[in-house]
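Letter by letter, the chains look like this.
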Number of protein chains: 2
Amino acid sequence: MVIPAKQAQPDRAQSPAQRLFDLSSDDMAAVDAIILDRMQSPVGLIPNLAHHLVGAGGKRLRPLLTVASAQLCGYNADDAHHKLAAAVEFIHSATLLHDDVVDESALRRGQKPANLIWGNSASILVGDFLFARAFNLMVEAGSMEALGILSTASSVIAEGEVQQLAALRDIAMTEDAYMSVIKAKTAALFAAATEVAPVIADRPVAERDALRDYGLKLGLAFQLVDDTLDYGGMESALGKSIGDDFREGKVTLPVIRAYNAASGDDKDFWKRVIVDHEQSGTDLERAVSLLRKTGALTSTLELAKSYADEAQAGLDIFPPSPLRDTLKALVSYVVERIN
Amino acid sequence: MVIPAKQAQPDRAQSPAQRLFDLSSDDMAAVDAIILDRMQSPVGLIPNLAHHLVGAGGKRLRPLLTVASAQLCGYNADDAHHKLAAAVEFIHSATLLHDDVVDESALRRGQKPANLIWGNSASILVGDFLFARAFNLMVEAGSMEALGILSTASSVIAEGEVQQLAALRDIAMTEDAYMSVIKAKTAALFAAATEVAPVIADRPVAERDALRDYGLKLGLAFQLVDDTLDYGGMESALGKSIGDDFREGKVTLPVIRAYNAASGDDKDFWKRVIVDHEQSGTDLERAVSLLRKTGALTSTLELAKSYADEAQAGLDIFPPSPLRDTLKALVSYVVERIN
């Protein structure tokens, strides 16, 4: 199986993500081989559906973080890091399959989501299969501590997803509540993906804390950038539709900030499109205009940048190396997708 | 938390299930406490929904099998068997929540299923949460071997569910294919529930094989009886609607046998109601009549009884004891629910 980033996105040839893929290409080829092998099943619908998602040129960002962190920690014992990296991607894939059913998205990675091709039931059950396979891989990796980290992350992710569901269309959501949602639903898996590496490499607790913190803050920055991209990027850049969050009535940080800064008609506008979920023709444009006017997109991006800075600074406990510098550069790259 | 079987079903006071609950009442109280504790979350929707399902008077049959098997194996080291038993119930509960969305059932344990109260999205995500919590508990139990058994069972269950989905309305399904579905979707968890006990008790491989085999065959018998009950029992006896499988166009062993024995009009009838899924007023009655006339219900029950006999015989490697005899009696009880 080829590494999708290499073939699908030649314009990223010089990007930090690409440099990281290059530094980790043998590892990522091994991870891809495990992913391909473990999505097989005599029940044909499973590999068909899984291949549509997992083979669809996803960024493989999370497993890349696991293998790069393992390299940084000098891990060279066996293939436990590859198995854990594949497990991380399977957890992420299972989440995406279930999210598509929950969110009713129209696009996923620039393609029709699996549930619109094979139906909701298939997406739910194949998601369950991939999630279970993730745990099979963790058992094979053999580290009970890594299992604890990833199983805890999995329950935290589900908790975050339920919290987000419960807050759907709740325009009065606080910033704290929102940050708690994205910490759970997005950043927890990034943090687990990086933390398992020092754990299996048996590195000191300071390195473990630093890498977990790096993953957590990278994950927060990543989600906040995603939230702004949903209102400000180009559709082709992200492989998702612009305005998805808006159409679903999803309350994200930019919306919370724009709503809190609004008054009169503008406040009523947000209540109508989010709380009452009554939207028509030009509402998305008005939302984008309000998000820009109130500085909500800019300030969300500033917050993302501050998490990014912290993620980078935390890596300074490791000695300088091309790998460390590329992990740092990756953070900037994630944040600067907006440009 | 009370043990539901005791309060909700006083008519079962002398049943083998009740005797087994009595012999294991301290263990089951400990399991219930873990279940109640681990379904908690600051995200209120999670305990609300989970309590509706887990607290709704489920049979707790699978965790009971784990603790009774642990007793039979003389396990007395710590509370790993309670944690594994609770994990087994969480895996089962997660499967039920997802099944309700997939099957669109009208009743679950005699109640409205959670997805009809809180919506499909909540059922999917809370199912994911319970599944993840199951793995948290397994990690705490500390046996990598038990984790391997239960994570493998989890992927096998999902595989069986997908296989069943792919075969929906496939009246030409073979008996072998059907047995492979129920072995995966139902019997695998029974087998894992009993096998983990000798594993953590570090018992010889013969006991491990015997208990896994006991669980597997009990599970097969259980599912085959369920399949006949869906056409022959009283609605109140099972807490599920009669004819659910029929209305969903689910092909079960009785239907396969009735179809294979049918000719002319009757064969066309099965094609219409299952393959074309065109059903009207008296079709369920005609289906029941054909199932009886062809002996399909009786022969399915005979097969269930032969698995039950094998399950019982396999326990003879253990010395006679009230617990062993009650585990044997439980098998007859499960099969004789039909009467």
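Sequence order as written defines residue numbering, which begins from 1 separately in each chain. Chains and ligands are labelled by the order in which they are written, letters from A for the one and numbers from 1 for the other. Given that the model is predicted, a residue must reach a pLDDT of at least 70 before its local features are reported, and side-chain atom pairs must reach 80 or more before they are shown or counted; all residues, however, enter totals for whole chains, interfaces and linings.

*Asks:* Give a detailed account of the overall build of chain A, specifying residues and quantitative values.
*Replies:* Where helices and strands are cited, they refer to DSSP runs of H or I of at least four residues and of E of at least two residues respectively, numbered from the N terminus. If you tally the helices and strands in chain A, you get 18 helices and 0 strands. Comment: burial labels come from other C-beta atoms within 10 Å of the residue's own C-beta, placed from the backbone, where a count of 20 or more is buried, 12 or fewer is exposed, and between is partly exposed. Expressed as a percentage of the 339 residues in chain A, the buried residues total 54%.

*Asks:* Can you tell me about the nonpolar core, naming the residues and giving the values?
*Replies:* The nonpolar core is taken to be a set of buried Ala, Val, Leu, Ile, Met, Phe, Trp, Tyr and Cys residues joined by way of C-beta atoms within 7 Å. Met 138 and Ala 221 of chain A together with Met 138 and Ala 221 of chain B are the most contacted members of the largest nonpolar core, which totals 234 residues. Throughout, a residue-residue contact means that the two C-beta atoms, derived from backbone geometry, are no farther apart than 7 Å. Ignoring anything within four residues of it in the chain, the contact list for Ala 221 of chain A reads Ala 304, Tyr 307, Ala 308, Ala 311, Val 331, Val 334 and Val 335 of chain A.

*Asks:* A description of unusual backbone geometry should follow, citing residues and the corresponding values.
*Replies:* Most peptide bonds adopt trans geometry, and most residues besides glycine take a negative phi value. For Asp 202 of chain A, which is not glycine, the phi dihedral falls at a positive 55°. Assignment of secondary structure puts Asp 202 of chain A in the loop between α10 (175-200) and α11 (205-232). The backbone phi angle of His 277 of chain B is positive, close to 55°, even though this residue is not glycine. Here His 277 of chain B is to be found in the loop between α15 (264-275) and α16 (283-293).

*Asks:* Pulling in residues and values, what's your account of the interface of chain A and chain B?
*Replies:* In many analyses, interface size is given as the accessible surface area lost on bringing the parts together. Contacts between the two partners involve 35 residues from chain A, matched on the other side by 35 residues from chain B. If you list the elements that add at least two residues to the side of chain A that touches chain B, you get α4 (45-54), α6 (80-103), α8 (120-141) and α9 (144-166) of chain A. Per-element tally for the side of chain A that touches chain B: the top contributor is α9 of chain A, with 14 residues. Note that Gly is not counted as nonpolar here; it falls among the polar residues with everything else outside the nonpolar set of Ala, Val, Leu, Ile, Met, Phe, Trp, Tyr, Cys and Pro and the charged set of Asp, Glu, Lys and Arg. Along the lines of polarity and charge, the residues of the side of chain A that touches chain B split into 20 nonpolar, 11 polar and 4 charged.

*Asks:* Now, about the relation of the copies chain A and chain B: what can you tell me, with residues and values included?
*Replies:* Placing chain A over chain B gives an RMSD of 0.0 Å and needs a rotation angle of 180°, together with 0.0 Å of translation along the axis. In short, the pair behaves as if placed about a two-fold rotation axis. Alignment of the copies relies on least squares applied to C-alpha atoms, considering only residues that score at least 70 for pLDDT in both.

*Asks:* Summarise helix α17 (residues 296-314) of chain B; cite the residues concerned and give the values.
*Replies:* Residues and elements named next belong to chain B. A helix is expected to span 1.5 Å for every residue after the first. When the terminal C-alpha atoms of α17 are compared, their 27 Å separation across 19 residues agrees well with the 27 Å that a helix rising 1.5 Å per residue should span. Three or more residues of α17 are buried, namely Ala 296, Leu 297, Thr 300, Leu 301, Ala 304, Tyr 307, Ala 308, Ala 311, Gln 312 and Gly 314. Buried residues along α17 cover an arc of 160° about the axis, so they all sit on one side. Buried residues along α17 sit in contact with α11 (205-232), α14 (253-261), α16 and α18 (322-335). The arc under discussion is defined with respect to the helix axis, by the directions toward the C-beta atoms.

*Asks:* Help me get a handle on the environment of Val 162 of chain A, residues and values and all.
*Replies:* The topology assignment puts Val 162 of chain A in helix α9. Residue classification places Val 162 of chain A among the buried residues on the basis of 28 C-beta atoms within 10 Å. Counting along the chain gives 19 residues from Val 162 of chain A to Val 181 of chain A, while the straight-line C-alpha distance between them is 9.0 Å. For Val 162 of chain A, the contacting residues outside a window of four places in its chain are Val 43, Leu 45, Ile 46, Ala 122, Leu 125, Val 126 and Phe 129 of chain B.

*Asks:* Tell me what's going on with the packing of helix α17 (residues 296-314) of chain A against helix α18 (residues 322-335) of chain A, and back it up with residues and numbers.
*Replies:* Residues and elements named next belong to chain A. Comment: axis = line fitted to C-alpha atoms, over the contacting stretch for helices; angle = value between 0 and 180 degrees taken between N-to-C directions. Between α17 and α18, the shortest axis-to-axis distance is 9 Å and the interhelical angle comes to 170°. Taken together, the axis directions place α17 and α18 in an arrangement best described as roughly antiparallel. Along its contact with α17, which presents Ala 304, Lys 305, Ala 308, Ala 311 and Gln 312, the element α18 presents Lys 328, Val 331, Ser 332 and Val 335. When its residues are assigned to classes, the contact of α17 with α18 shows 5 nonpolar, 2 polar and 2 charged. Small angles under 35 degrees read as roughly parallel and large ones over 145 as roughly antiparallel, with 65 to 115 read as roughly perpendicular and the rest as oblique.

*Asks:* Run through α11 of chain A, naming residues and quoting values.
*Replies:* Here α11 of chain A is 28 residues long and its end C-alpha atoms lie 40 Å apart, about the 40 Å a rise of 1.5 Å per residue gives. Summarising burial for α11 of chain A: 23 of the 28 residues are buried, a large majority.

*Asks:* Lay out the environment of Ser 332 of chain B with the relevant residues and their values.
*Replies:* All names here are of chain B. Residue position: Ser 332 is located in helix α18. By the C-beta count within 10 Å, which is 15 here, Ser 332 ends up partly exposed. Once the C-alpha coordinates of Ser 332 and Ile 242 are considered, the two residues, 90 residues apart in sequence, prove to be 22 Å apart.

*Asks:* Which residues make up the confidence of the model for chain A, and what values go with them?
*Replies:* All names here are of chain A. Per residue, pLDDT measures the predictor's confidence, with a range of 0 to 100. The predicted model of chain A has a mean per-residue pLDDT of 89, with 90% of residues at 70 or higher. Mean pLDDT values over the elements of chain A span from 39, in helix α1 (residues 4-8), up to 98, in α10. In the model, residues 1-12 has pLDDT below 50 throughout and makes 22 contacts with residues more than four positions away in sequence or in other chains. Ignoring residues within four places in sequence, the model shows residues 234-239, a span with pLDDT below 50, making 7 contacts including any to other chains. Quick note on the complex model: pTM equals 0.92, ipTM equals 0.92.

*Asks:* Talk me through the environment of Gln 40 of chain B; I want residue IDs and the actual numbers.
*Replies:* Tracing the backbone through its elements, the reader meets Gln 40 of chain B in the loop between α3 (25-38) and α4 (45-54). In this structure the C-alpha to C-alpha distance between Gln 40 of chain B and His 51 of chain B, which are 11 residues apart in sequence, comes to 9.3 Å.

*Asks:* How would you explain the packing of helix α2 (residues 16-23) of chain B against α18 of chain B if you had to name every residue and give the values?
*Replies:* Residues and elements named next belong to chain B. In contact at an axis separation of 8 Å, α2 and α18 are set at 150° when each is read in the N-to-C sense. In the packing of α2 onto α18, the handedness of the crossing is left-handed. Every residue of α18 that contacts α2 at Pro 16, Ala 17, Arg 19, Leu 20 and Leu 23 is listed here: Pro 322, Leu 323, Thr 326, Ala 329, Leu 330 and Tyr 333. Residues of the contact of α2 with α18, tallied by class, amount to 9 nonpolar, 1 polar and 1 charged. Each helix crossing is assigned a hand: it is left-handed if the near helix lies turned anticlockwise from the far helix by less than a right angle, otherwise right-handed if that turn is clockwise.

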